[in-house]
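In case you want the letters, here they are:
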Amino acid sequence: MISRTTDLEDDHASRRVRRFLTLGIDVAGLKCVVVGGGRVGTRKAIRLIEHGANVVVCSPQISPSLLRAAQERRLAWERRPYGPALLRGVRFVVAATDDKALNLRIARDAERRGIPFCLASDRSRSRVIFPATCGIEDLAIAVHTNGRSPKRATEVRNLISRLLCRLPQQGSDLRVLARSSESAGTDKGKVYIVGAGPGAADLITVRGLRAIRSADVVIFDRILGRDFAEQLGIDPHRREVEWLGAGRMAPGRQAEINGRILEAAAAGKVVARVKNGDPFVFGRGAEEIDFLAEHGITFEVIPGISSVSGALTAAGYALTSREHGRSFAVTSAQLAGGRFNEHYPKADSLVVLMVVGVLDRVVGRLVADGWSPETPAVIIERGTQDGEKEVVGCLRDIARLAKHHNIESPAVLALGVVAARKLTSPRSARRRVTRACAGEVNLSRS
Ligand SMILES: C[S@@+](CC[C@H](N)C(=O)[O-])C[C@H]1O[C@@H](n2cnc3c(N)ncnc32)[C@H](O)[C@@H]1O
């Protein structure tokens, strides 16, 4: 990288053709600044984050995806206008504001300091461009046109990506991950975000099933399993069917899923992204939608029966009743990045998702919050599915019982009024039920 103080505009105007050297750069741990939090800035920042860069986004406002990344501490947000002091210690800068003059000023400041920069409003004047990429496993393909026609680069990338899709699959993890960096494609398809319900195939909505049947590509949450697709009559030979993610995922996994959805939609395909329960109940549906909106992809959300009510209702537990249960609250025991949730809302009944593995801690927290140890509690594993299990007790002993009965994920914990009474017909007792708390139960909290 040569540092110069000549005027960028004159310098670049004299060059008719710029030949970019196509390099692979390890950005892990490097401080990279993206100025601008709109659509382009978001795309660049997310790509840098995915590759392990230490990203700072400078902008008074940022997109919902960037805001979420900031809240999850995956990037630092400088909520202020650009100033050259921002470039201290920086190794790469992206100027992606919607003000061309400001972008040029940022590029000049970077050039003077010897910092490579990408000028989003005029790629041919950039020191660095982001090629359109795709790849399989450790194979990476980068396409660019020396900054002159990002649309063409995207089209060629899409073509290559489709060819790669046809390579024989060597394992469930083998798939194409394609992502546009220079611009989104023009022949965009549509994405249905479909709620599948708690797991029994016949609890999906008619609308959801219709969307799946109309899709070229169906991407199921891994939690839904292969039986689920079979029971819906989805033939994997007639369309592309994949199982990706759900629940706690390794860092970067969601970005991978987003990339896969975008790749298919950008290639003009109809995609059904089928998610466990309801997409908007602890389902990252909002994240997928923000991402699609930022890439200009049309989408439709189809609600599903959440496991919150689905698992409990199907097992005979009423979340509300006119006499006692006038409110219920729902939360998750695990937050973004696997952090433990320390805050539990108050209500007549409380439902806690993603509880397996941290049940002891949840119980400890709830008792410390004033829930009586005698509060009725029930855990339902695989609600509505084959192999459903139900363990009934009270707050004091539910963790021990769950361990004893090998409760595994996915399972919901419900406590309070909801767990005090099971409403089933005598002939429908098909589940394994263990009732442990004998005697009178105390519904009150101190
Ligand atoms: C990431 S959350 C997704 C919730 C989903 N969007 C919903 O509305 O049900 C995954 C958690 O949902 C719960 N869950 C999902 N399906 C379940 C089922 N069939 N039975 C019990 N719990 C379930 C578990 O607590 C699991 O850890």
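Residues numbered from 1 in each chain as written. Predicted model: local features only at pLDDT ≥ 70, side-chain atom pairs only at ≥ 80, totals over all residues.

Caption draft 1: Quick peek at the overall build of the protein. Check the secondary structure of the protein and you find twelve helices and 19 strands. Here the protein, with 446 residues, has 44% of them falling under the buried criterion. Here the contacts in the protein between residues at least 6 apart in sequence split such that 65% fall between residues at least 24 apart. (Helix = DSSP H or I, 4+ residues; strand = E, 2+ residues; numbered from the N terminus. Buried ≥ 20, exposed ≤ 12 C-beta atoms within 10 Å, placed from the backbone. Contact = placed C-beta atoms within 7 Å.)

Caption draft 2: Geometry of the nonpolar core. Grouped together as the largest cluster of nonpolar side chains are 44 residues, with contacts concentrated most on Leu-312, Ile-379, Ile-398, Val-412, Leu-413, Ala-414 and Ala-419. Of all the secondary-structure elements, those providing two or more residues to this core are α10 (307–315), β14 (328–332), β15 (349–353), α11 (359–368), β16 (376–381), β17 (389–394), α12 (398–404) and β18 (411–416). Sequence-distant contacts of Leu-413, that is, excluding residues within four places in its chain, are made with Val-352, Val-355, Leu-359, Val-362, Ala-377 and Ile-379. With 35 residues, the next largest nonpolar core counts Ala-53, Ile-62, Leu-75 and Leu-119 among its residues. (Core = buried A, V, L, I, M, F, W, Y, C linked by C-beta atoms within 7 Å.)

Caption draft 3: Inspection of helix α4 (residues 100–112) at higher detail. Look at α4: 18 Å from first C-alpha to last across 13 residues, which is about the 18 Å you get at 1.5 Å a residue. Within the span of α4, buried status applies to Asn-103, Ile-106, Ala-107, Arg-108, Ala-110 and Glu-111. (Expected span 1.5 Å × (residues − 1).)

Caption draft 4: Focus on the packing of helix α2 (residues 39–50) against helix α3 (residues 64–71). One can describe the packing of α2 onto α3 by two numbers: an axis separation of 9 Å at closest approach and a directional angle of 35 degrees. Seen along the crossing, α2 lies across α3 with a hand that is left-handed. Where α2 abuts α3, its residues Thr-42, Ala-45, Ile-46 and Ile-49 lie against Ser-65, Leu-66 and Ala-69. Class assignment for the residues of the contact of α2 with α3 results in five nonpolar, two polar and no charged. (Axes fitted to C-alpha atoms, helices over the stretch in contact; angles between N-to-C directions. Left-handed = near helix turned anticlockwise from the far one by under 90°. Nonpolar A, V, L, I, M, F, W, Y, C, P; charged D, E, K, R; others polar.)

Caption draft 5: Quick look at the sheet that holds strand β1 (residues 31–35). An order of β3-β2-β1-β4-β5 is seen for the five strands of this open sheet, with the pairing classed as parallel. What marks the edges here is a single partner per strand, and that holds for β3 (76–78) and β5 (117–119). When the angles between neighbouring strand axes are averaged without regard to direction, this sheet yields 15 degrees. Pairing of β1 with strand β4 (residues 92–95), which is carried by four bridges, proceeds in the parallel orientation. When the sheet's bridge partners are listed, Val-33 is paired in β4 with Val-93. The sheet strands contacting α2 are β1, β2 (54–58), β4 and β5, and the helix crosses β2 at an angle near 165 degrees. (Pairing = 2+ DSSP bridges.)

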